[in-house]
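What the coordinates show
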Amino acid sequence: MNIPQSVCFKRPESDAGWRAELRLKYGIKREKTRLLERHQIGPLTVQKTFFPEGAACHTYLLHPPGGVVGGDQLSFTVDVAEQAHALLTTPGATKFYRSNAEQAWQSQQLSVAESGLLEWLPMENIFFPGANCKLLTQVNLAANARFIGWEMQCFGRPQLGEEFNYGQVLGQTFICRDNKVLLAESLRVQDQFQFKQAAAMRNFAMTGCLYITPVDRALIDKVNQVIDEQQARFATEIVLGASELGSSSMSSAMTLNSPAENSLLVVRALGQQTEPMMASFVQIWRCVRQHWFGQLPDVPRIWST
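Summary of the structure given here.

Rules used in this analysis
- Residues numbered from 1 in each chain as written.
- Predicted model: local features only at pLDDT ≥ 70, side-chain atom pairs only at ≥ 80, totals over all residues.
- Heavy atoms only, no water.
- 1 Å grid on protein atoms, 1.4 Å probe; cavity = no way out; pocket = protein on both sides within 12 Å on 5 of 7 lines; lining within 4 Å.
- Points joined across faces, edges and corners; volume = space filled by probe spheres on them.
- Helix = DSSP H or I, 4+ residues; strand = E, 2+ residues; numbered from the N terminus.
- Nonpolar A, V, L, I, M, F, W, Y, C, P; charged D, E, K, R; others polar.
- Pairing = 2+ DSSP bridges.
- Axes fitted to C-alpha atoms, helices over the stretch in contact; angles between N-to-C directions.
- Expected span 1.5 Å × (residues − 1).
- Buried < 20%, exposed > 50% of the residue type's maximum accessible area, 1.4 Å probe, protein only.

1. Focus: the layout of surface pockets
Volume-wise, the largest pocket comes out at about 880 Å³. The element that contributes the greatest number of residues to the lining of the largest pocket is strand β15 (residues 180-189), accounting for five residues. When the residues that make up the lining of the largest pocket are grouped by side-chain class, the tally is 26 nonpolar, 18 polar and five charged.

2. Topic: the pairing of strand β2 (residues 32-41)
Sheet topology places strand β1 (residues 19-29) next to β2; nine bridges connect them, and they run antiparallel. If you follow Leu 24 over to β2, its bridge partner there is Arg 38. A loop of two residues connects β1 with β2, the two strands running antiparallel in sequence, and Arg 30 in this loop sits at a positive phi of about 55°.

3. Looking at the sheet that holds β1
With respect to topology, seven strands assemble into an open sheet ordered β2-β1-β6-β9-β12-β14-β15, the strand pairing being mixed. Each edge of the open sheet is held by one strand with a lone partner, namely β2 and β15. Each strand axis lies, on average, 10° off the axis of its neighbour in the sheet, ignoring direction. Here strand β6 (residues 73-80) runs beside strand β9 (residues 104-112); their pairing, made up of eight bridges, is parallel. Residue Asp 79 lies in a different strand from β9, and its bridge partner there is Ser 111.

4. Some words on helix α3 (residues 274-293)
Under the 1.5 Å per step criterion, the end-to-end length of α3 is 28 Å for 20 residues, consistent within 8% with the ideal 28 Å. The buried fraction of α3 is high, at 14 of 20 residues. Gly 294 sits one or two residues past α3 and shows a positive phi near 80°.

Okay, here's the thing in structure tokens:
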């Protein structure tokens with residue numbers, strides 16, 4: 001489903017900064033998911049594809065300059081064909097530096113065809129004080145497609161005592177399935193006061209969301225159990241919670257082990273450092289993969305370096 005242009009952020013018209021685009025298409029070839037097409041413009045590229053789990057294709061995305069400044073525009077487009085299975089991640093955080101008055105832009109267009117699966121698992125974004133950027137993520141799923149993905153945002157560098165005390169970060173995330181909107185939400189951080197509000201950051205420097213669709217009752221219960229375990233493990237270092245979206249319309253359709261197509265589980269997190277949030281999200285991801293496939297996944301090695 002195409003979200004109306006009047007709702008979505010518009011790409012900046014400025015010609016300052018880098019223009020980088022990466023378009024990837026995955027499909028089945030010789031009984032494995034393979035990267036069939038790759039088109040790149042500017043400093044975005046694929047490091048390598050891996051097959052640690054047999055048929056699934058793992059891919060590391062690279063942005064060689066290592067950081068984004070005002071005026072830079074990054075665009076990712078990922079298409080996963082019918083029955084294909086792709087996992088994409090990054091080797092490190094994406095850093096958004098202080099703006100020179102121009103606005104930085106990052107767009108992620110992710111599409112999954114029937115019976116396909118996309119795992120979108122990048123490392124965190126780090127916003128330096130004075131950063132000025134817009135983030136747009138659009139996920140379009142076919143009726144029987146599966147998706148798990150996360151976004152982690154770090155404002156300032158808390159380990160160095162550096163706060164995000166000025167700047168602006170605006171974000172939009174849309175998830176649609178079979179021409180129906182499952183999720184439409186926004187992020188707006190542009191005032192230090194927001195970090196102290198109970199309805200905003202609660203004095204935490206990081207926020208994160210993990211999206212899982214579709215889900216059944218058994219999976220929801222398992223995820224909530226992992227959340228409780230991670231909350232106990234990290235105590236005050238992190239705050240975790242989960243929300244079921246579409247539950248009112250899918251309650252009769254979803255059973256213990258039979259998911260409703262339009263079901264979506266969102267796990268939200270607040271924290272001070274990347275490690276507890278990343279560790280918690282990885283445990284939830286492993287739980288979901290085990291539920292879907294009956295075995296634990298191979299964790300990308302890059303996460304351990």
